[in-house]
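Coordinate analysis (summary)
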Amino acid sequence: METGWVIALIIAGILLVIAASKSVALPVRWIGFGIMQLVIGAILLFFANLVGELASFHIPINPVTALLAGFLRLPGLAALVIIKLWVM
């Protein structure tokens with residue numbers, strides 16, 4: 001075999017071992033959890049904005065507001081509404 005293929009196989013093997021070990025699984029799990037909360041928050045904000053259209057009320061959907069609504073769910077959404085009303 002060529003030297004390039006041997007090096008590529010060794011690197012692929014090392015990456016496979018790292019991916020299978022628990023030391024890498026935990027950060028990947030946390031990243032997945034954060035992304036899931038971000039999506040949940042964005043969905044909550046989307047539905048809040050649909051209902052808010054009746055009263056001309058809008059909360060911007062950005063990563064900060066989506067994470068807050070995602071992690072805290074309805075209390076976080078209520079906090080965003082109160083903050084929006086208080087600032088306006």
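Here is a short report on the structure shown in this document.

Basis of the calculations
Residues numbered from 1 in each chain as written. Predicted model: local features only at pLDDT ≥ 70, side-chain atom pairs only at ≥ 80, totals over all residues. Heavy atoms only, no water. Helix = DSSP H or I, 4+ residues; strand = E, 2+ residues; numbered from the N terminus. Rg over C-alpha atoms; globule rule 2.2 N^0.38 Å. Buried < 20%, exposed > 50% of the residue type's maximum accessible area, 1.4 Å probe, protein only. Core = buried A, V, L, I, M, F, W, Y, C linked by side-chain atoms within 4.5 Å. Contact = heavy atoms within 4.5 Å. Expected span 1.5 Å × (residues − 1). Bend = angle between axes of the 7 residues up to and from the residue.

Focus: the overall build of the protein
A tally of regular secondary structure across the protein gives three helices and zero strands. Counting from the amino terminus, helix and strand elements in the protein follow one another as α-α-α. Taking 88 residues into account, the globule formula puts the C-alpha radius of gyration at 12 Å, and the protein, at 22 Å, lies well above it. Considered along the principal axes of its C-alpha atoms, the protein spans approximately 70 × 25 × 20 Å. Burial status across the protein gives 18% buried among its 88 residues.

Digging into the nonpolar core
By size, the foremost hydrophobic cluster in this structure holds eight residues: L45, A48, F57, I59, A66, A69, L77 and L80. At the level of secondary structure, the elements contributing two or more residues to this core comprise α2 (22-52) and α3 (63-87). Top contributing element to this core by residue count: α3, with four residues. Those residues within four positions of L45 in sequence are excluded, and the remaining contacts are I59, P60, I61, T65, A66, A69, L77 and L80.

So, helix α1 (residues 3-20)
The terminal C-alpha atoms of α1 lie 26 Å apart, and with 18 residues this matches the ideal 26 Å at 1.5 Å per residue to within 8%. Of all 18 residues that make up α1, zero are buried, and the element is exposed over most of its length.

A few points about α3
Between its terminal C-alpha atoms α3 stretches only 20 Å, short of the 36 Å expected from 25 residues at 1.5 Å a residue. Along its length, α3 shows its largest kink, about 140°, at R73, and proline P75 lies within four residues downstream of that point.

So, the side chain of N49
Inspection of the secondary structure puts N49 in helix α2. You can call N49 buried: its relative accessible area is 9%. Those residues in contact with N49 that lie beyond four places of it in its chain are F57, H58, I59 and I61.

Details of the side chain of T65
Mapped onto the elements of the fold, T65 is located in helix α3. With near-sequence residues (within four places) excluded, T65 lies in contact with L45, P60 and L80.

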